[in-house]
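Letter by letter, the chains look like this.
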Amino acid sequence: MKNPAALSAPLFSLLLAGAAPAGADTDFASRAWPDNFLTRVEALALLQSLNVELLSHDSATLTLQQWCTDHRLASEPRIVAKRLQTEPRVPSAEQRATLRVTASETVRFRHVQLSCGALLLAEAENWYVPGRLTVAMNHELETTEAPFGVVVRALNFQRRTLSARLLWSPLPPSWEMNASAPDEAAHQQAGPMQVPAAVLEHHAVLTLPDGTPFSLLVETYSGNVLAFHAPPAD
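Residues numbered from 1 in each chain as written. Predicted model: local features only at pLDDT ≥ 70, side-chain atom pairs only at ≥ 80, totals over all residues. Heavy atoms only, no water.

The subject of this paragraph is helix H2 (residues 60-70). Ala60, Thr61, Thr63, Leu64, Trp67 and Cys68 are the residues of H2 that are buried. The buried residues of H2 occupy an angular sector of 165 degrees when the element is viewed end-on, so they sit on one face. Downstream of H2 by a residue or two, Arg72 has a phi angle that is positive, lying close to 50 degrees. (Buried < 20%, exposed > 50% of the residue type's maximum accessible area, 1.4 Å probe, protein only. Helix = DSSP H or I, 4+ residues; strand = E, 2+ residues; numbered from the N terminus. Arc of directions from axis to C-beta.)

Listed below in structure tokens is the structure:
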């Protein structure tokens, strides 16, 4: 799928289209991380920490909101969904099998961006079965921009991750076995660390308490999850 922002840009430059909300902290340049071996190790550790948090909680929306709060990504740390007017994507036979629906059963598609303040944090593609939700939930999903996890919270759903992978690693493969890795990573110290638009991807299915699946998700997380001041050096 397409990256959350179709850019390969420096960290802190991925903003939602339009003006930032009033009072939002947009001084991203002051947060830029120096490019050296230590900050790359810290960035890798933080991405793995976020990955673990997402894997260990049922709601990605609430996990992102806690991450936003803990790392002060916005003056008002609240996750807001923006629906994208994407052409509906017909689920594949494999996706229908995962959702346990027949070829004729209705499956709807919802495509949103999740932001915290002015920062785009993630993009989610969602195939869901409206027949397994309440009438009120379906109406809210069709007429508002509320995050999916918030709308269906009353279902007491569970999340099962199908796959999780880092799309970007701050350090090269087997860096821990390469004695020269710190020196190789230090050559860019003159400028800020560059982070791509997308850093993490999850495929997951949401199920009812009895195990019935009702939603299939593909979530791509933006480099803006690291858009806070670098950890202080010793």
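Counting residues in each nonpolar core, the largest one holds 31 residues, and the members touching the most others are Leu73, Leu121, Val225 and Leu226. Elements represented by at least two residues in this core include exactly helix H1 (37-55), H2, strand S1 (79-83), strand S2 (108-116), strand S3 (119-128) and strand S5 (198-207). Apart from the residues within four sequence positions on either side, Val225 is in contact with Leu47, Leu50, Trp67, Leu73, Leu121 and Val199. Counting 14 residues, the second-largest nonpolar core is a separate cluster that includes Tyr128, Val152, Phe157 and Phe214. (Core = buried A, V, L, I, M, F, W, Y, C linked by side-chain atoms within 4.5 Å. Contact = heavy atoms within 4.5 Å.)

Evaluated as defined, the whole model comprises one disulfide. Two residues share a disulfide in this structure: Cys68 and Cys116, whose sulfurs sit 1.6 Å from each other. Handedness here is read from the sign of the S-S torsion; for Cys68 and Cys116, about -45 degrees, the answer is left-handed. In this pair, Cys68 sits in helix H2 while Cys116 sits in strand S2, placing the two residues 48 residues apart along the sequence. Judged by its relative accessible area of 0%, Cys68 is buried. (Disulfide = S-S within 2.5 Å.)

A word on helix H4 (residues 135-143). Of all the residues in H4, the buried ones are Met137, Asn138 and Leu141. Here the buried residues of H4 occupy an arc of 100 degrees about the axis, which is enough to place them on one side. For H4, the exposed residues set more than 90 degrees away from the buried face come down to Val135, Ala136 and His139. Buried residues along H4 sit in contact with S1, S2, S3 and helix H5 (148-151).

Its place among the elements puts Leu141 in helix H4. Leu141 sits in the buried class, given a relative accessible area of 0%. Separated by eleven residues in sequence, Leu141 and Pro130 place their C-alpha atoms 9.7 Å apart.

The next thing to look at is the confidence of the model for the protein chain. Summarising the model, the protein chain shows a mean pLDDT of 82, and 79% of its residues fall at 70 or more. Predicted confidence for residues 1-30 stays below pLDDT 50, and this span has 67 contacts to residues more than four positions away or in other chains. (pLDDT = per-residue confidence, 0-100.)

Turning our eyes to something else, we now look at the pattern of salt bridges. All told, the structure shown has six salt bridges when counted by the stated rule. When the shortest N-O distance is used, the salt bridge between Arg165 and Glu201 registers 3.3 Å. Of this pair, Arg165 sits in strand S4 (residues 158-166) while Glu201 sits in strand S5, and the two are 36 residues apart along the sequence. Accessibility expressed as a relative area gives 48% for Arg165, which makes it partly exposed. (Salt bridge = Lys/Arg side-chain N within 4 Å of Asp/Glu carboxyl O.)

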